[in-house]
Amino acid sequence: METSSIRVLVVEDSEKFRKFICSMLGERPELQIVGEDSDGLHAVQRADELQPDLILLDIGLPSLNGIEVARQVLKLSPKSKILFVSQESSADMVREALGTGAHGYVVKIDTGSELLIGVSAVLRGDQFVSRRFAGHDFVGASDAVASLEF
């Protein structure tokens with residue numbers, strides 16, 4: 001990874017969990033948190049303003065859910081990469097999330113062990129999904145299991 005700063009927007013409605021995510025990201029000096037949001041509509045505006053390199057995005061957000069946020073953000077900030085971090089753990093939800101153009105999906109319960117791996121994979125341009133989905137076939141997600149092997 002380059003030594004230049006990677007600009008990150010964290011969108012999570014639970015303040016406690018958002019702080020946890022930010023503290024994990026703080027372990028990586030190349031990651032710079034440029035914004036935090038708890039509301040879907042506001043997150044779309046912030047992504048448009050900030051044009052972050054990476055957006056960590058929850059699905060269950062007030063005013064606009066994360067799936068719709070991702071769709072809108074990728075039109076306004078097409079170079080941003082999105083990694084969903086959600087409590088939703090159904091394969092259908094992962095498929096829908098990745099279908100927005102997002103690069104990855106981490107289930108919240110797996111954040112402690114998988115968030116930084118997922119961030120690295122997504123920033124490399126690989127697609128990443130939590131290990132719990134290793135047996136599922138996601139269209140375009142063929143790199144997901146390979147990224148877990150290192």
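Please refer to the structure placed before this passage.
For clarity, every value in this text was computed on a predicted model and none was experimentally measured.

Peer 1: Please set out the overall build of the protein residue by residue, giving values where relevant.
Peer 2: When you go through the protein residue by residue, the secondary structure sums to six helices and six strands. Listing the helices and strands of the protein from first to last along the sequence gives β-α-β-α-β-α-β-α-β-α-β-α. For the protein, buried positions account for 53% of its 150 residues. For the protein, the proportion of contacts with a sequence separation of at least 24, taken over those separated by at least 6, is 61%. Summed over its atoms, the accessible surface of the protein is roughly 7100 Å², and 49% of this surface lies on carbon and sulfur atoms.

Peer 1: Can you explain the pattern of salt bridges? Please cite residues and give values.
Peer 2: Taken as a whole and assessed by the stated rule, the structure comprises 12 salt bridges. Of the charged contacts in the structure, one is a salt bridge between Glu 114 and Arg 131, with a shortest N-O distance of 3.7 Å. Here the residue Glu 114 occupies a position in helix α5 (residues 111-124), and Arg 131 occupies one in the loop between β6 (128-129) and α6 (143-147), the gap between them amounting to 17 residues. Classification of Glu 114 as buried rests on a relative accessible area of 2%. Residues participating in the shared-partner salt-bridge network are Glu 12, Asp 58 and Lys 108.

Peer 1: So what's going on with the pairing of strand β5 (residues 104-107)? Which residues, and what values?
Peer 2: Side chains Gly 104 and Val 106 of β5 all project onto a buried face; the interleaved residues Tyr 105 and Val 107 project onto the opposite face, where all are buried too. Each parallel crossover has a hand, and for strand β4 (residues 81-86) linked through helix α4 (residues 91-99) to β5 it is right-handed. Both β5 and β6 contribute to a ladder of two bridges, which runs parallel. Note that in β6 the partner of Gly 104 across the bridge is Phe 128.

Peer 1: A description of the environment of Ser 77 should follow, citing residues and the corresponding values.
Peer 2: By the secondary structure assignment, Ser 77 is in the loop between α3 (66-76) and β4. For Ser 77, a relative accessible area of 1% corresponds to the buried category. Sequence spacing of Ser 77 and Glu 49 is 28 residues, and the spatial spacing of their C-alpha atoms is 8.9 Å. Residues contacting Ser 77, with those up to four places away along its chain left out, are Ala 47, Gln 51 and Pro 52. Separated by 3.2 Å, the side chains of Ser 77 and Gln 51 make a polar contact.

Peer 1: Tell me about the side chain of Ser 130, and please be specific about residues and values.
Peer 2: The residue Ser 130 is located in the loop between β6 and α6 in this model. Engagement of the side chain of Ser 130 in a polar contact is seen with the backbone nitrogen of Val 107, the distance being 2.9 Å. Excluding anything up to four places from it in sequence, Ser 130 contacts Tyr 105, Val 106, Val 107, Asp 110 and Glu 114.

Peer 1: Describe the packing of helix α1 (residues 15-25) against α5, listing the residues and the values that go with them.
Peer 2: For any two helices packed against each other, the geometry is given by the interaxial angle and the distance between the axes. Running from amino to carboxyl end, α1 crosses α5 at an angle of 55°, the nearest separation of the two axes being 10 Å. In this view, α1 runs oblique relative to α5, as classed from their interaxial angle. Relative to α5, α1 is oriented so that their crossing is right-handed. On the side of α1, the interface is formed by Phe 17, Phe 20, Ile 21, Met 24 and Leu 25, while α5 contributes Thr 111, Gly 112, Leu 115, Leu 116 and Val 119. Looking at the contact of α1 with α5, its residues break down into eight nonpolar, two polar and no charged.

Peer 1: Report on α4, specifying residues and quantitative values.
Peer 2: Within α4, burial applies to Ala 91, Met 93, Val 94, Ala 97 and Leu 98. Projected down its long axis, α4 shows its buried positions confined to an angular sector of 160°, all on one face. Along α4, exposed side chains directed more than 90 degrees from the buried face belong to Asp 92 and Gly 99. In this structure, the buried side of α4 is in contact with α3, β4, β5 and β6. Looking one or two places after α4, you find Gly 101, whose phi comes out positive at around 110°.

What counts and how
Sequence order as written defines the numbering, with residues in each chain counted from 1. A pLDDT threshold of at least 70 governs which residues receive local features in this predicted model, and a stricter bar of 80 or more applies before side-chain atom pairs are shown or counted, although totals over entire chains, interfaces and linings include all residues. As a rule here, side-chain values cover all heavy atoms of the structure and leave hydrogens and water aside. Numbered from the N terminus, helices here are DSSP runs of H or I no shorter than four residues, and strands are runs of E no shorter than two. We call a residue buried when its accessible area falls under 20% of the maximum for its residue type, exposed when it is over 50%, and partly exposed in between, using a 1.4 Å probe and counting protein chains only. Two residues qualify as a contact provided that any one of their heavy atoms is within 4.5 Å of a heavy atom in the partner residue. For the accessible areas, the method is Shrake-Rupley and the probe is 1.4 Å, while residue cover comes only from the protein chains on display. Think of a salt bridge as a Lys or Arg side-chain nitrogen and an Asp or Glu carboxyl oxygen that are within 4 Å of each other. Consider the strands pointing away from the viewer: the crossover is right-handed when the path from the first strand over the helix to the second runs clockwise. At least two bridges found by DSSP between two strands are what make those strands a pair. Within 3.5 Å is the distance limit for a polar contact, defined as a pair of N or O atoms, with the added protein rule that one can donate a hydrogen and the other accept it, and that residues adjacent in sequence qualify only through two side-chain atoms. Here the axes come from fitting lines to C-alpha atoms, over the contacting stretch only for helices, and the angles between their N-to-C directions go from 0 to 180 degrees. In what follows, roughly perpendicular refers to angles from 65 to 115 degrees, roughly parallel to angles under 35, roughly antiparallel to angles over 145, and oblique to any angle outside these ranges. Left-handed describes a crossing in which the near helix is turned anticlockwise from the far one by less than a right angle; the clockwise case is right-handed. Residue type decides the class: Asp, Glu, Lys and Arg count as charged, Ala, Val, Leu, Ile, Met, Phe, Trp, Tyr, Cys and Pro as nonpolar, and the leftover types, Gly among them, as polar. For this quantity, the arc is that covered by the directions from the helix axis to the C-beta atoms.

Functional significance is not addressed by these values, which are geometric in nature.
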